[in-house]
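As a plain string of letters, each chain reads:
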Amino acid sequence: SNEPSTSGVFARQPAPLQDREGRLDPFDWYQKMRDERPVSYDEERRAWDVFKYDAVRTVLSDYETFSSDTPPDDDSGADDSSPLSASMISVDPPEHERLRQFVDDRFQPDAIRDRRPYIETVAESLLDDIEGETFDIVSAYSFPLPVIVIAELLDIPAERRDEFKQWSDALVAAPREQTEETLRKNEQHRTQSIAEMSSFFRNALTERRGSDRDDLVTLAANAEALSPTEQLGFCILLLIAGNITTTNLITNAIWSFAEQDILHAVASGAVDRKQAIEEALRFRSPVQAMSRVATEDTEIDGVEIAADERVTAWIGSANRDESVFDNPDEFLPERSPNRHIAFGTGVHYCLGAPLARLEAGVALSTLFDRYDTIELRDDQFQPVSSPIVYGLESLPLHVE
Ligand code: HEM
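Residues numbered from 1 in each chain as written. Predicted model: local features only at pLDDT ≥ 70, side-chain atom pairs only at ≥ 80, totals over all residues. Heavy atoms only, no water.

Undergrad: Hey, could you run me through a negative patch on the surface in this one?
TA: Judged by side-chain charge, Asp54, Glu64, Glu296, Asp297, Glu299, Asp301, Glu304 and Asp308 come together as a negatively charged surface patch. Looking at the element boundaries, Asp308 is found in the loop between strand E7 (303-305) and strand E8 (310-314). The exposure class assigned to Asp308 is exposed, which follows from its relative accessible area of 65%. (Patch = residues over 30% accessible without salt bridge, like charges linked within 9 Å, V, L, I, M, F, W, Y side chains within 5 Å. Areas by Shrake-Rupley, 256 points an atom, 1.4 Å probe, with all protein chains shown as cover. Salt bridge = Lys/Arg side-chain N within 4 Å of Asp/Glu carboxyl O. Lys, Arg positive; Asp, Glu negative; His and termini not counted. Charge placed at Lys NZ, Arg CZ, Asp CG, Glu CD. Helix = DSSP H or I, 4+ residues; strand = E, 2+ residues; numbered from the N terminus. Buried < 20%, exposed > 50% of the residue type's maximum accessible area, 1.4 Å probe, protein only.)

Shown next as structure tokens:
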């Protein structure tokens, strides 16, 4: 058949979020599903969708019943040869620990805090480069910042960031118009990108094996517990996992603060910046969904799910669940407690969460320190064309 052959975590995605009933916002749809069919089967994707907070947490964290080792589409005939399937995000315990442990220290809040001066320098210099008073904050700032930071951690040339972006975009993209042709092209692009990333990192790993450099590629190259394919999977995962996500956290935070008219309050400290960023993570979660596969016949909230069926956990819906959050559709910058699960939960809880929080904090304070006035230029947003990433391709601002 001409079914797209996708692999691992990104397999069989729903249509891009903004295409659901013609809106950017999937939130009404989530609400309807939470009310009417909180655990439901999507015939088209042949996958279960789970919408309520508790069930989403169960699917994400109960790895014995819901495995992250999602196979490629069974009817595609493709083998799951992507190195990403040998990375921590696609692997269950006990292997998972082996693939994460060697790097865990490097991402602890204490270790990450040392990066602050560097991140501040990058943020300042990106703002220095902006010309004029009206510009797109995504291309000037939210996009390059995380890429430059991760490129430095991996010690790979940040100048190639446009290429890195194309590679990452290809992995999470879905065509707006879903025909056999566009899906096939999308899949081709994805395969091509994985091939390019693989050859890029294979060279870097070979070069650095045995060296005493201090970067994460060298750390992986010298990690004896990892096979060469697992080392490669780690590098690719790191390059893609932290970029589109953090870009959209920064963008969605600026967008939400401007919309709520709290930019000044956050800038002056009248509203706590850290808490406001947590609310942005909840309200416009950069990652809206993650998928698992059932390891055995099971049930969620009384609905039976058979072994080997796919289950998509809607993080974006869980974070709007009225049984956990009061007034879930309101952006309350000082919401407390704020038990959002934008970084997931359980053993796969985001490795990069401390880094993402630090980058967003630095990005926003540097931006607010620079300008007295920041305004949204218009409301013609271009959403990211992805079924799982929520954010904007561009966000025009006017500053003074
Ligand atoms: C895992 C979200 C930034 C690296 C995850 C997961 C989520 C997530 C939801 C869980 C996946 C699952 O359960 O299957 C986000 C968001 C970010 C962000 C919203 C930014 C706002 C980053 C950054 C990095 C990173 C900056 C690295 C530099 C990872 C890795 C995993 C992961 C390696 C896999 C962890 C594991 O499987 O043990 N992220 N992430 N992320 N994230 Fe992030």
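Undergrad: What is the right way to look at the pairing of strand E5 (residues 289-294) in this model?
TA: Regular strands place their side chains on alternate faces of the sheet. Summarising burial for E5: six of the six residues are buried, a large majority. Alternating residues of E5 divide into Ala289, Ser291 and Val293 and Met290, Arg292 and Ala294, and every residue in both groups is buried. Alignment of strand E3 (residues 66-67) against E5, held across two bridges, turns out to be antiparallel. Bridge assignment links Ser67 to a residue of E5, and that residue is Val293. With five bridges connecting them, E5 and E8 associate as antiparallel partners. Across the sheet, residue Ser291 finds its bridge partner in E8, namely Thr312. (Pairing = 2+ DSSP bridges.)

Undergrad: What's the story with the site of the ligand in this structure? I'm lost.
TA: Around the ligand sit 27 residues, and of these His96, Arg100, Arg292, His348 and Cys350 come closest. Measuring from an oxygen atom of the ligand, one finds a backbone N or O atom of Met88 at 3.4 Å. In this structure, an oxygen atom belonging to the ligand sits 2.6 Å away from a side-chain N or O atom of His96. Breaking the shell around the ligand down by element, the ones donating at least two residues are helix H3 (95-104), helix H11 (228-241), helix H12 (243-260), E5 and helix H16 (353-370). (Near = heavy atom within 4 Å. Polar contact = N/O pair within 3.5 Å; in protein donor to acceptor, adjacent residues only side chain to side chain.)

Undergrad: How should helix H2 (residues 53-61) be read in this particular structure?
TA: Turn by turn, an α-helix covers 3.6 residues, leaving residues three or four places apart pointing in a common direction. Turning to H2, its buried residues are Tyr53, Ala55, Val56, Val59 and Leu60. Viewed end-on, H2 has its buried residues packed into an arc of 165°, placing them on one side of the element. Contact partners of the buried residues in H2: strand E2 (47-50), E3, E5, strand E6 (298-300), E8 and helix H15 (315-318). (Arc of directions from axis to C-beta. Contact = heavy atoms within 4.5 Å.)

Undergrad: Honestly, the sheet that holds E8 in this entry has me stumped. Any pointers?
TA: The pairing of strands in a sheet comes from backbone hydrogen bonds and takes either a parallel or an antiparallel form. Here we have five strands laid out as an open sheet, ordered E1-E2-E8-E5-E3, and mixed in their pairing. Edge positions in the sheet fall to strand E1 (39-42) and E3, since each of these pairs with one other strand and no more. Against the sheet, H2 touches E2, E3, E5 and E8, its axis set at about 125° to E8. (Axes fitted to C-alpha atoms, helices over the stretch in contact; angles between N-to-C directions.)

Undergrad: Looking at this structure, I do not really get the environment of Arg34. What am I missing?
TA: Looking at where Arg34 falls in the secondary structure, it is placed in helix H1 (residues 27-36). The class for Arg34 is buried, based on a relative accessible area of 4%. Separated by 283 residues in the primary sequence, Arg34 and Ser317 place their C-alpha atoms 8.0 Å from one another. In this view, Arg34 contacts Phe51, Lys52, Ser317, Arg320, Asp321 and Glu322; residues no more than four positions away in its chain are not counted. At 3.0 Å, the side chain of Arg34 and the side chain of Ser317 are in polar contact.

Undergrad: Explain the sheet that holds strand E4 (residues 134-136) to me, please; I cannot follow it from the model alone.
TA: On the basis of which strands lie adjacent, the open sheet formed by three strands has the order E4-E12-E9 and antiparallel pairing. Edge positions in the sheet fall to E4 and strand E9 (374-376), since each of these pairs with one other strand and no more. Recorded for the sheet is a direction-independent mean angle of 35° between the axes of neighbouring strands. In the sheet, E4 pairs with strand E12 (residues 396-399) via three bridges, with the strands oriented antiparallel. Within E12, the position partnered with Asp136 by the bridge is Pro396.

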